[in-house]
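Structural overview
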Amino acid sequence: ARPVFVHLGLAKTGTTTLQQDVFSKTPAIAYLGKNLVPEPLDAARRQLTRLPDSRFDPAAKRAAFEAHLGVTPGAPMFSDEDLSVWKFLDPAVMGARIGQVFPDNRPIYVVRRPRDWVLSQYHFRLSTWRPDTMAGLNPWLEAHLERLEVGSDVAEIRFTDTFAHFWRAAGERPFLVLPFEMMAADLPGFLGKIEGFMGLGGELVALAAAAARDPRKARIDPRMAAYHRLLGMALDDPDGFLERARALAGCALPEDRQAFESLAADPATETEAWKAWLSGVQRRVRRALAAGDAQVAGALDAPGDDSSRPDLLARIDAIATEQTRAMRRDFG
């Protein structure tokens, strides 16, 4: 009988902080979303956002959530930013599934200035060692701007279209749209807006201080961006890569230094092996940078490409203007 509030993203708008430090931390909310839920619920969530239609069983998923809600008090909250990504499925598919599983759904949607969102998205993709990010921001961005549809890394800059696809397919229920910039500037005020929409009375605002001082994601600065792009250098400039990686090995554990020498001595070493080694020593590299290690810093002072080309920025800003106009016109 309770409406289910559905936080659908966008990704890169503080979703992990909201999930782990706010929505799942108060008995006022019956949390159903990503992270910190029993495995049957998490399995149902993953299937909702990943399975093809031929394998998706809405009745079974609805039963899994209803069983949990039958013994769990609070306002139900389903949170998963994959509902609004275009990487796997059209958000309209996600919305239709939400409408089947939670007929009385109440979407909560957080948007972000597209030119800032794009840079954050690039750094996230780079942090996962995606091959198409290794040449820098602009080649990646240009390729994905060419196809703002399913499969694109940046289709979410069509932020109003993304929400419209989801909302209409989910049943055009009452909704709340907020800007990420408000969350960054005034977290208590931002959480107060969500509380008002959900009919709560201070439970979320009380968590604001802890959420603000406990960031959940390690940000990528220019040196760490250069660190991840070393993987591309392993293919394009093997000698340059070995020189820089050897400098990084100096801060690694003895077994990691030994592993480096073994990999470096074998001309048949593949990129995946280097990715595993770089992943394994990443935490020590971060610590060395924080401690002011000049050798490690010097190895990562390679020129970066983290500034969008003016022509690409102009395309993004034109889309942002159109999407903002549509958001005001269609959703107030």
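A brief look at the structure comes next. Worth saying up front: this structure is predicted, and the values here are computed from it rather than measured.

The next point concerns helix H4 (residues 91–101). An α-helical turn contains 3.6 residues, so a residue and the one three or four places further along point in the same direction. Those residues of H4 not exposed but buried are Pro91, Met94, Gly95, Arg97, Ile98, Gly99 and Val101. The inward-facing, buried residues of H4 contact strand S1 (4–7), helix H2 (39–50), helix H3 (58–69), strand S3 (75–79), strand S4 (105–111) and helix H7 (159–170). Between the side-chain oxygen of the N-cap and the backbone nitrogen of Ala92 there are 2.7 Å, and the N-cap of H4 in question is Asp90.

Next up on the list: the side chain of His7. Here His7 lies in strand S1. The residues touching His7, leaving out its near neighbours within four places in the chain, are Thr15, Leu18, Phe23, Met77, Phe78, Ser79, Asp80, Leu83, Ile108 and Val110.

Sheet strands line up and pair through hydrogen bonds in the backbone, either parallel or antiparallel. Reading across from one edge, S2-S3-S1-S4-S5 is the order of the five strands in this open sheet, with parallel pairing throughout. The two strands at the open ends of the sheet, each matched to only one other strand, are strand S2 (29–31) and strand S5 (176–179). Adjacent strand axes in the sheet meet at a mean angle of 25° when their direction is disregarded. Examined bridge by bridge, S4 and S5 share four bridges and lie parallel to one another. Residue pairing in the sheet places Val111 in a bridge with Pro179 of S5.

On to the packing of H2 against H4, then. Packing of H2 against H4 leaves a shortest axis separation of 9 Å and a crossing angle of 140°. Considered as vectors, H2 and H4 are oriented oblique to each other. For the pair H2 and H4, the contacting residues are Gln47, Leu48, Thr49 and Arg50 in the first and Met94, Arg97, Ile98 and Val101 in the second. Across the contact of H2 with H4, the residue classes tally to four nonpolar, two polar and two charged.

Glancing now at the pattern of salt bridges. When their charged atoms lie close together, side chains carrying opposite charge are able to pair. This model, assessed by the stated rule, comprises 24 salt bridges. Residue Glu66 is joined to Arg62 by a salt bridge in which the shortest nitrogen-to-oxygen separation is 3.0 Å. Taken as a pair, Glu66 and Arg62 lie in helix H3 at a separation of four residues, close to a single helical turn. The exposure class of Glu66 is partly exposed, given its relative accessible area of 46%. A salt bridge links Asp104 to Arg173; the shortest N-O distance between them is 2.9 Å. Of the two residues, Asp104 is situated in the loop between H4 and S4 and Arg173 in the loop between H7 and S5; the sequence distance between them amounts to 69 residues. Under the relative-accessibility criterion, Asp104 is labelled partly exposed at 25%. Salt bridges sharing partners connect three or more residues here, namely Glu39, Asp42, Arg45, Arg46 and Asp80.

This paragraph deals with the packing of helix H5 (residues 114–127) against helix H6 (residues 137–145). Between H5 and H6, the least distance of the axes is 11 Å, while the angle of their chain directions is 110°. Comparing their axes, H6 and H5 come out roughly perpendicular. From H5, Val118, Leu119, Gln121, Tyr122 and Arg125 reach across to H6, where they touch Leu137, Trp140 and Leu141. Classifying every residue of the contact of H5 with H6 gives six nonpolar, one polar and one charged.

Further remarks concern the pairing of S3. Successive residues of a regular strand alternate their side chains across the two faces of the sheet. Counting buried residues in S3 gives five out of five residues, a clear majority hidden from the surface. Of the two faces of S3, the one carrying Ala75, Met77 and Ser79 and the one carrying Pro76 and Phe78 are both buried. Pairing of S2 with S3 involves three bridges; the strand directions are parallel. In the strand pairing of S3, Ala30 is matched with Pro76.

What follows deals with the environment of Arg130. Inspection of the secondary structure puts Arg130 in the loop between H5 and H6. It is 9.4 Å that separates the C-alpha atoms of Arg130 and His228, two residues lying 98 residues apart in sequence. At a separation of 3.3 Å, a polar atom in the side chain of Arg130 contacts the side chain of Asp153.

Two descriptors summarise a pair of aromatic rings, namely the distance from one centre to the other and the angle between the planes of the rings. Counted under the stated rule, the structure contains 16 aromatic pairs. Taken together through their ring pairs, the aromatic side chains of Tyr109, Phe163, Trp167, Phe175 and Phe331 make up a single cluster. Positioned above the aromatic ring of Phe56 is the side chain of Arg97, whose terminal nitrogen or guanidinium carbon lies 4.4 Å from the ring centre. Lying across the ring of Trp86, Arg158 places its NZ or CZ 5.0 Å from the centre.

Quick look at unusual backbone geometry now. Put simply, Gly9 and Leu10 share a cis peptide bond, and its omega is 0°. Examined against the element boundaries, Leu10 turns out to sit in the loop between S1 and helix H1 (15–21). You will see that Leu36, though not glycine, has its phi angle at about 65°, which is positive. Turning to its location among the elements, Leu36 is positioned in the loop between S2 and H2. The backbone phi angle of Trp129 is positive, close to 65°, even though this residue is not glycine. Tracing the sequence through the fold places Trp129 in the loop between H5 and H6. Take Trp129: its relative accessible area is 9%, and that puts it in the buried class.

Analysis parameters
- Residues numbered from 1 in each chain as written.
- Predicted model: local features only at pLDDT ≥ 70, side-chain atom pairs only at ≥ 80, totals over all residues.
- Heavy atoms only, no water.
- Buried < 20%, exposed > 50% of the residue type's maximum accessible area, 1.4 Å probe, protein only.
- Helix = DSSP H or I, 4+ residues; strand = E, 2+ residues; numbered from the N terminus.
- Contact = heavy atoms within 4.5 Å.
- Polar contact = N/O pair within 3.5 Å; in protein donor to acceptor, adjacent residues only side chain to side chain.
- Pairing = 2+ DSSP bridges.
- Axes fitted to C-alpha atoms, helices over the stretch in contact; angles between N-to-C directions.
- Parallel < 35°, antiparallel > 145°, perpendicular 65-115°, else oblique.
- Nonpolar A, V, L, I, M, F, W, Y, C, P; charged D, E, K, R; others polar.
- Salt bridge = Lys/Arg side-chain N within 4 Å of Asp/Glu carboxyl O.
- Phe/Tyr/Trp six-rings, centres within 6.5 Å; stacked < 30°, edge-to-face > 60°.
- Lys NZ or Arg CZ within 6 Å of the ring centre and 35° of its normal.

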